[in-house]
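# Structure at a glance
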Number of protein chains: 2
Amino acid sequence: GFEVDAGWMDHVRLSSVRVNDGGSASFVSPDGLVLTNHHVAFNAIQKLSSEDEDLIASGFYAPTLADERRCTDLELNVLDSIEDVTARVQGAVADDADEAAARRQRSAEIARITQEETERTGLRCDVVTLYRGGAYALYRYRKYTDVRLVFAPEAQAAFFGGDPDNFTFPRYALDMTLLRVYEDGAPLSTPHHLRWSADGVDAGDLVFVSGNPGSTGRLNTVAQLEYLRDHHYPRILRHLGRRRAVLSAYAALGAEQERRAKRDLFSIDNSIKALGGYLDSLRDPAAMERKRAEEQELRRRVAADAELAAAVGDPWAAIARAQGTAAEIGARAYYASLRGSRLFDLARRIVRLTAEVEKPNDERLPGYRESQLESLKLSLFSPAPVYADLEEVAVAGALEELAQELGRDDPFVAAALGDGQPAAVAAELVAGTRLADPDVRRALVEGGRAAVEASDDPMVRLARDVDGIARELERRDRDEIDSVESKGGEAIARARFAVHGSSVYPDATFTLRLSYGVVQGYEAAGWNIPFKTTFHGLFERAAAFDHEPPYHLADRWRSRASDLALDTPFDFVCTADIIGGNSGSPVIDRRGELVGLIFDGNIQSLGNRFVFDDSVARAVAVDARGMLAALRDVYGADRLVAELQGRGD
Amino acid sequence: GFEVDAGWMDHVRLSSVRVNDGGSASFVSPDGLVLTNHHVAFNAIQKLSSEDEDLIASGFYAPTLADERRCTDLELNVLDSIEDVTARVQGAVADDADEAAARRQRSAEIARITQEETERTGLRCDVVTLYRGGAYALYRYRKYTDVRLVFAPEAQAAFFGGDPDNFTFPRYALDMTLLRVYEDGAPLSTPHHLRWSADGVDAGDLVFVSGNPGSTGRLNTVAQLEYLRDHHYPRILRHLGRRRAVLSAYAALGAEQERRAKRDLFSIDNSIKALGGYLDSLRDPAAMERKRAEEQELRRRVAADAELAAAVGDPWAAIARAQGTAAEIGARAYYASLRGSRLFDLARRIVRLTAEVEKPNDERLPGYRESQLESLKLSLFSPAPVYADLEEVAVAGALEELAQELGRDDPFVAAALGDGQPAAVAAELVAGTRLADPDVRRALVEGGRAAVEASDDPMVRLARDVDGIARELERRDRDEIDSVESKGGEAIARARFAVHGSSVYPDATFTLRLSYGVVQGYEAAGWNIPFKTTFHGLFERAAAFDHEPPYHLADRWRSRASDLALDTPFDFVCTADIIGGNSGSPVIDRRGELVGLIFDGNIQSLGNRFVFDDSVARAVAVDARGMLAALRDVYGADRLVAELQGRGD
């Protein structure tokens with residue numbers, strides 16, 4: 001019973017912000033103030049931290065504008081406009097092109113469009129593939145790189161309950177951070193921003209979530225789901241388990257090591273829980289059976305219509321064959337890297353960047369096109385610290401894993417490890433490389449391919465030696481798997497449209513989506529779960545666990561308890577359809593006001609990756625009233641409270 | 001690592017109290033003060049209530065001894081001694097007796113033992129069947145019938161969260177009541193009582209639970225479990241669903257009606273949840289498969305040992321045949337009553353009592369032996385009110401259900417309903433009967449069989465008319481089902497002992513058991529559940545549901561919140577093995593001090609009826625510290641606080 005009008009939509013779009021390295025956000029004042037999750041800003045906050053000043057542990061509040069601290073390499077985007085470029089991309093494919101050629105031709109056309117548009121508008125331009133290639137859209141973004149940290153709570157308040165409570169509800173987390181966008185050294189003027197609701201939400205309220213969901217797999221075929229279930233997720237989970245063990249051992253060495261490893265451990269725990277949830281949902285025989293029945297019904301109806309059958313062909317069989325190829329090369333493609341090493345990742349991107357820029361724009365690898373170079377360089381030249389000891393254990397762990405997973409005879413392993421011992425090789429690589437220094441990286445990039453080829457930096461040399469192997473595996477992955485899935489997916493999308501007669505949501509692509517839902521509790525495992533929590537619950541959970549980590553209260557919260565109205569709403573849930581990338585999304589009411597901040601989904605929502613079901617799946621948000629009360633009564637951030645309430649000076 | 005010595009055991013036994021109509025309790029002061037659950041004392045409290053003074057809603061506190069109110073018909077028992085009488089009971093069976101004769105002979109011997117012992121000791125004496133007839137034990141109880149209400153919280157505090165939170169944890173319920181036993185008009189001296197712990201429990205603590213678990217089914221055969229799964233539980237659940245509908249409609253008529261129906265609705269909701277849990281556990285194919293494998297293994301090992309096989313025979317087949325009989329007569333036996341009518345129940349017991357007392361003691365029906373008459377009369381002559389309008393809907397509902405379940409041609413239905421309409425017949429029965437008056441009931445019992453046969457009271461007449469039908473169904477149930485199960489169970493117990501070489505716990509029989517466990521949280525449905533809650537959580541849950549029933553706070557709690565130390569432990573869980581009848585059991589630490597009060601099990605514990613598993617099954621208790629803080633800070637019950645702390649005057 002609510003009509004979304006164009007003005008409302010434009011306002012929400014222009015108030016929405018994308019965090020380029022994964023996540024969502026929104027403008028919440030006319031002066032460029034941005035609200036996102038603490039866990040979305042975690043990397044940025046950690047990069048501003050040091051051994052002496054751990055902003056992750058202590059939190060941060062800038063009492064004046066002058067105290068706001070510039071992030072080392074954070075890029076924010078605001079969606080300016082979208083244009084359908086399907087006809088142009090598909091028109092670039094020659095009639096007689098085979099699959100690989102068609103893919104190259106589409107890819108070249110996409111590069112041309114991106115390049116032209118970037119030059120024409122000065123905006124960040126991306127062409128996004130929708131419906132597995134059924135449609136192509138040009139997204140133009142305003143891009144901001146002067147982003148400053150304004151407020152962050154202690155990690156303990158932001159991530160109260162830690163990994164055990166992650167993906168659960170009831171929750172008691174203040175997973176928020178405030179940033180500010182600057183332009184030409186001054187706060188950006190943002191007339192389009194979300195007003196901070198004073199009333200908040202109530203059970204039954206209709207709400208909207210504006211954000212950039214990363215990826216979903218709802219249009220996958222059964223063969224694809226089976227591959228994910230039997231190969232892909234188990235492989236990643238095995239890898240994450242190993243990395244977790246390596247990092248935990250490192251973190252146990254001392255407080256500073258723990259601080260350095262914290263972000264990666266956090267992210268690994270999060271992934272293990274999320275991927276475990278996806279895997280569980282795929283291992284549910286009933287869910288898979290429904291998918292299978294749905295697919296069989298679609299195939300049956302296609303077969304029954306001769307014209308449609310001729311147009312669609314048998315993409316299911318082609319995709320199933322591609323899964324065979326995936327089973328063959330998947331492990332090698334996945335392990336054609338030193339997973340977990342920041343230095344190797346930098347080396348590899350420098351090697352590729354210097355090689356790719358010599359090619360015509362439209363023949364380059366994805367990620368290395370002209371329009372993408374500025375973002376890439378922001379990341380490559382970031383002054384964020386690289387810790388040698390952490391790198392050494394990460395590289396040793398990666399080499400050890402490579403040898404175990406692929407065997408020493410594998411060409412990539414042979415090139416990386418030879419007949420050496422992982423620990424010794426890692427020590428040599430890390431001691432010998434100078435890539436921790438951003439100036440060294442800059443010099444290499446500026447020196448171009450010649451500089452890289454002349455370099456005797458051992459990490460650069462390794463990245464150079466293995467690049468051919470990795471490129472060939474990636475090429476096969478693109479041409480023999482992705483391409484087939486993309487083309488097949490397009491045919492299936494067409495069949496689905498012909499049969500079911502109405503449009504289906506495209507899978508998520510880390511672009512702006514507006515989803516909607518209702519604020520609503522649920523029942524799970526016999527437990528009646530309310531739609532919200534209050535500050536009371538934070539103190540309950542801390543007391544119930546005797547303040548043992550991860551249930552200890554940050555000191556400020558313990559000492560300020562008596563100043564708080566304990567029945568202030570803290571977190572809440574709604575039925576909106578979200579997925580990774582929606583983190584930091586504003587929750588918006590009918591009036592377009594900000595009532596909450598998405599930071600998680602419950603464990604039951606993980607299955608939504610493949611089949612959406614809102615009976616018990618819920619998105620979890622911080623309540624706008626809870627954020628305001630915390631800023632005022634716990635953090636004394638009066639300046640920000642005034643700004644959020646529209647009383648800024 | 002804890003040795004229970006005889007002195008500790010005797011002290012705990014003599015401090016433990018059985019509530020005769022189902023439940024457990026303990027002495028907690030030297031002056032006869034008894035602690036049990038509010039839901040165990042609910043009937044007694046309701047019988048002291050009236051339209052003008054609803055002690056269920058308001059709670060009750062006697063500021064002085066003189067204010068303590070005598071309950072209408074509550075009987076408490078304290079176990080004095082136990083004696084093994086297996087040889088005497090089994091020795092009474094003639095060598096050539098068939099099953100039915102053996103049963104009668106055992107039954108007669110049990111009646112003789114009970115009668116002799118009651119006369120000899122003046123105590124309440126019961127012979128209890130253990131291991132399905134593998135053993136018989138004589139229990140001698142001290143019996144107390146002058147029991148007074150001392151303190152009860154509001155139902156809303158005792159049963160906070162209502163049915164939705166029943167069988168769950170975390171919980172925030174003050175499910176306690178204090179009673180006092182009097183003898184000769186003065187408080188009973190109870191040198192054996194449990195000291196109230198000042199320290200309480202912590203995670204990992206070893207604790208003991210002393211109480212009277214009602215019944216378990218862990219020695220059941222697969223055929224018995226299948227009967228429960230396919231017939232017994234579904235039948236009861238269907239009946240409860242119907243009664244619930246009838247009572248809800250009545251409760252909706254007004255506040256007083258709601259008050260009158262409350263206890264029955266509470267008890268029905270509780271049963272629906274518990275039986276649903278049992279049924280779910282039986283419907284779990286994996287659990288049933290384990291039971292089946294276990295049984296097959298036992299049968300295989302019996303068959304492999306010729307001597308054992310000869311001694312054991314094939315009790316499994318006999319029990320399976322008995323389930324066939326159960327399937328045949330089960331519905332008629334279950335419905336040979338007007339379920340839910342208090343007046344019919346009174347009439348039936350009067351008809352039977354007056355008939356049975358004319359027989360020799362050892363030939364009477366269970367429940368009507370000399371040793372049991374005093375308890376029976378306490379209940380029959382109770383002055384507790386009977387509400388005519390509630391009775392009318394209950395009788396009409398029961399008649400309606402009878403007609404639907406058995407059909408009008410069934411002899412019982414024909415006798416009860418004829419060709420009348422249920423509502424009309426119910427109106428006549430209730431309007432015509434005078435059994436609501438305890439003096440009328442007393443006169444009938446005193447007049448004996450002649451008075452009953454001469455009575456033209458319509459409810460007495462009905463009870464008289466159908467008694468023959470009911471007795472015959474009950475006889476078949478005893479002789480063709482119970483007897484076979486009992487004898488077969490005994491053989492299986494012997495086989496189990498021979499094969500597994502060590503003793504197995506007997507199934508529960510509403511007699512005193514000491515179980516033990518550890519105070520421990522658990523993980524369920526991805527949720528990390530602490531071992532305890534605190535008062536913070538009560539306020540959280542009320543606030544999270546916006547104080548909507550059943551999550552509203554009692555007024556006293558709202559107004560006294562600021563006086564409470566909110567981090568006081570409130571409820572906690574432990575792994576002790578409990579089951580219905582354990583309600584009100586004290587939780588005792590190594591020192592023999594009272595640290596908690598059992599009031600529930602979590603939903604995962606319901607499957608323990610058939611297979612014990614303590615990975616996630618938990619008993620739920622009120623914390624001794626929470627009870628004391630509530631008495632002091634919410635209820636101002638200083639007199640009781642002093643008495644519980646051993647500072648009484």
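Residues numbered from 1 in each chain as written. Chains lettered and ligands numbered in written order. Predicted model: local features only at pLDDT ≥ 70, side-chain atom pairs only at ≥ 80, totals over all residues. Heavy atoms only, no water.

## Some words on the overall build of chain A
- For chain A, the count of helices and strands is 23 helices and 20 strands.
- The C-alpha atoms of chain A give a radius of gyration of 25 Å, which matches the 26 Å a tight globule of 649 residues would have.
- Considered along the principal axes of its C-alpha atoms, chain A spans approximately 70 × 65 × 50 Å.
- By sequence separation, contacts in chain A at least 24 residues apart represent 78% of the contacts at least 6 residues apart.
- Total accessible area on chain A stands at roughly 25,600 Å², and carbon and sulfur atoms take up 49% of it. (Helix = DSSP H or I, 4+ residues; strand = E, 2+ residues; numbered from the N terminus. Rg over C-alpha atoms; globule rule 2.2 N^0.38 Å. Contact = heavy atoms within 4.5 Å. Areas by Shrake-Rupley, 256 points an atom, 1.4 Å probe, with all protein chains shown as cover.)

## Describing the environment of Val4(B)
Residues and elements named next belong to chain B.
- Here Val4 shows up in the segment before helix 1 (6-15).
- Sequence-wise, Val4 and Arg625 are 621 residues apart; in three dimensions their C-alpha atoms are separated by 25 Å.
- Once you skip the residues sitting within four places of it in the chain, Val4 turns out to touch Met9 and Phe208.

## Brief notes about helix 10 (residues 285-303) of chain B
All names here are of chain B.
- A rise of 1.5 Å per residue sets the reference length of helix 10, with its 19 residues, at 27 Å; its end C-alpha atoms lie 26 Å apart and thus fit the reference within 8%.
- Restricting attention to buried positions, one finds in helix 10 the residues Ala287, Met288, Lys291, Glu295, Leu298 and Val302. The arc that holds the buried residues of helix 10, viewed along the axis, is 100°, so those residues lie on one side. In helix 10, the exposed residues that point more than 90 degrees away from the buried face are Pro285, Arg290 and Ala303. (Expected span 1.5 Å × (residues − 1). Buried < 20%, exposed > 50% of the residue type's maximum accessible area, 1.4 Å probe, protein only. Arc of directions from axis to C-beta.)

## Considerations on empty space enclosed by the protein
- Inspection of every chain in the model, using the stated rule, returns 12 cavities of 30 Å³ or more.
- Approximately 260 Å³ is the volume found for the largest cavity.
- Forming the boundary of the largest cavity are 25 residues, of which Ala524(A), Trp527(A), Ala524(B), Ala525(B) and Trp527(B) lie nearest the centre.
- Mapped by element, the contributors of at least two residues to the lining of the largest cavity are strand 14 (522-524) and strand 15 (527-529) of chain A together with strand 14 (522-524) and strand 15 (527-529) of chain B.
- The class makeup of the residues in the lining of the largest cavity is 18 nonpolar, 7 polar and no charged.
- Considering the residues around the second largest cavity, the lining is formed by 17 residues, among which Pro170(A), Tyr172(A), Glu540(A), Pro170(B) and Tyr172(B) are closest to the centre.
- In terms of residue class, the lining of the second largest cavity is built from 10 nonpolar, 3 polar and 4 charged. (1 Å grid on protein atoms, 1.4 Å probe; cavity = no way out; pocket = protein on both sides within 12 Å on 5 of 7 lines; lining within 4 Å. Points joined across faces, edges and corners; volume = space filled by probe spheres on them. Nonpolar A, V, L, I, M, F, W, Y, C, P; charged D, E, K, R; others polar.)

## Overview of the relation of the copies chain B and chain A
- Take chain B, turn it by 180°, move it 0.0 Å along the axis, and it overlays chain A with an RMSD of 0.0 Å. These values place the two chain copies in the arrangement generated by a two-fold rotation axis.
- By residue overlap, the copies meet face to face through one surface: 100% of the interface positions of chain B are interface positions in chain A. (Least-squares fit on C-alpha atoms with pLDDT ≥ 70 in both.)

## A few points about the pairing of strand 2 (residues 24-27) of chain B
All names here are of chain B.
- Of the two faces of strand 2, the one holding Ser24 and Ser26 and the one holding Ala25 and Phe27 are both buried throughout.
- Of the pairings in the sheet, the one linking strand 1 (residues 16-19) to strand 2 comprises 3 bridges and is antiparallel in character. When the bridges of strand 2 are listed, Ser16 appears paired with Ser26.
- Counting the residues between successive antiparallel strands, the hairpin from strand 1 to strand 2 contains 4 residues, one of them, Gly22, with a positive phi of roughly 115°.
- Summarising the sheet, strand 2 and strand 3 (residues 33-36) pair through 2 bridges and their orientation is antiparallel. By the bridge assignment, Phe27 is partnered in strand 3 with Val34.
- Where strand 2 folds back onto strand 3 in an antiparallel hairpin, the turn is made up of 5 residues, including Gly32, whose phi is positive at roughly 75°. (Pairing = 2+ DSSP bridges.)

## Here we look at the interface of chain B and chain A
- Between chain B and chain A, the residue contacts involve 30 residues of the former and 30 residues of the latter.
- The contact between chain B and chain A buries some 2,300 Å² in all, and 58% of this surface belongs to carbon and sulfur atoms.
- With a shortest N-O distance of 2.6 Å, Asp546(A) and Lys532(B) are connected by a salt bridge.
- If you look at where chain B meets chain A, you find 10 residue pairs in polar contact (both at pLDDT 80 or more).
- Elements with a minimum of two residues in the side of chain B that touches chain A: helix 7 (162-165), strand 15, strand 16 (532-534) and helix 20 (535-544) of chain B.
- Tallying contributions element by element places helix 20 of chain B first for the side of chain B that touches chain A, with 7 residues.
- The residue makeup of the side of chain B that touches chain A, split by class, is 16 nonpolar, 7 polar and 7 charged. (Buried area = accessible area lost by both parts, 1.4 Å probe. Salt bridge = Lys/Arg side-chain N within 4 Å of Asp/Glu carboxyl O. Polar contact = N/O pair within 3.5 Å; in protein donor to acceptor, adjacent residues only side chain to side chain.)

## Remarks on the side chain of Thr568(B)
All names here are of chain B.
- With respect to the element layout, Thr568 can be found in the loop between helix 21 (555-560) and strand 17 (569-574).
- Of the residues examined, Thr568 reaches a relative accessible area of 12% and is grouped as buried.
- With sequence-adjacent residues up to four places away left out, Thr568 is seen in contact with Thr533, Thr534, Phe535, Arg625, Gly626 and Ala629.

## With respect to the environment of Gly367(B)
All names here are of chain B.
- Within the fold, Gly367 resides in the loop between helix 13 (342-356) and helix 14 (370-380).
- Separated by 11 residues in sequence, Gly367 and Glu356 place their C-alpha atoms 9.9 Å apart.
- Once residues lying within four places of it in the same chain are set aside, the contact partners of Gly367 are Gln372 and Leu376.

## What about the sheet that holds strand 19 (residues 594-601) of chain B?
All names here are of chain B.
- Strand order in the open sheet made by the 7 strands is 13-12-18-19-20-17-16, with antiparallel pairing throughout. Both edges of this open sheet fall to strand 13 (513-518) and strand 16, since each of them pairs with a single strand only. Sheet twist, expressed as the average angle between the axes of neighbouring strands with direction ignored, equals 30°.
- Set on the sheet, helix 1 makes contact with strand 12 (206-211), strand 13 and strand 18 (586-588); between it and strand 13 the angle comes to about 110°. (Axes fitted to C-alpha atoms, helices over the stretch in contact; angles between N-to-C directions.)

## A few points about the packing of aromatic side chains
Residue and element names in this part refer to chain A.
- Counted by the stated rule, this structure contains 30 aromatic pairs over all chains.
- On the numbers, 4.5 Å between centres and 80° between planes, the contact of Phe159 with Phe266 is edge-to-face. With Phe159 in the loop between helix 6 (155-158) and helix 7 (162-165) and Phe266 in helix 9 (residues 255-283), the pair connects residues that are 107 residues apart, well separated along the chain.
- Looking at Phe266, the relative accessible area reads 13%, which means it is buried.
- Relative to Tyr551, the ring of Phe160 lies with its centre 5.9 Å away and its plane at 75°, an arrangement referred to as edge-to-face. Placement of Phe160 in the loop between helix 6 and helix 7 and of Tyr551 in the loop between helix 20 (535-544) and helix 21 (555-560) is noted, with a sequence separation of 391 residues between them. (Phe/Tyr/Trp six-rings, centres within 6.5 Å; stacked < 30°, edge-to-face > 60°.)

## Focus: the side chain of Thr86(B)
All names here are of chain B.
- Relative to the helices and strands, Thr86 is located in helix 4 (residues 86-91).
- A residue is classified by how much of its surface remains accessible, and Thr86, at 11% relative accessible area, is buried.
- Contacts of Thr86, omitting those with residues within four sequence positions, involve Gly134, Ala135 and Tyr136.

## What about the sheet that holds strand 13 (residues 513-518) of chain A?
Residue and element names in this part refer to chain A.
- Pairing is antiparallel across the open sheet formed by 7 strands, whose spatial order is 13-12-18-19-20-17-16. Either end of the sheet is taken by a strand with one partner, and the two such strands are strand 13 and strand 16 (532-534). When the angles between neighbouring strand axes are averaged without regard to direction, this sheet yields 30°.
- Relative to strand 13, strand 12 (residues 206-211) runs antiparallel, the two being bridged by 6 bridges. Within the sheet, the bridge partner assigned to Gly211 lies in strand 13 and is Arg513.

These figures come from the coordinates and say nothing about function on their own.
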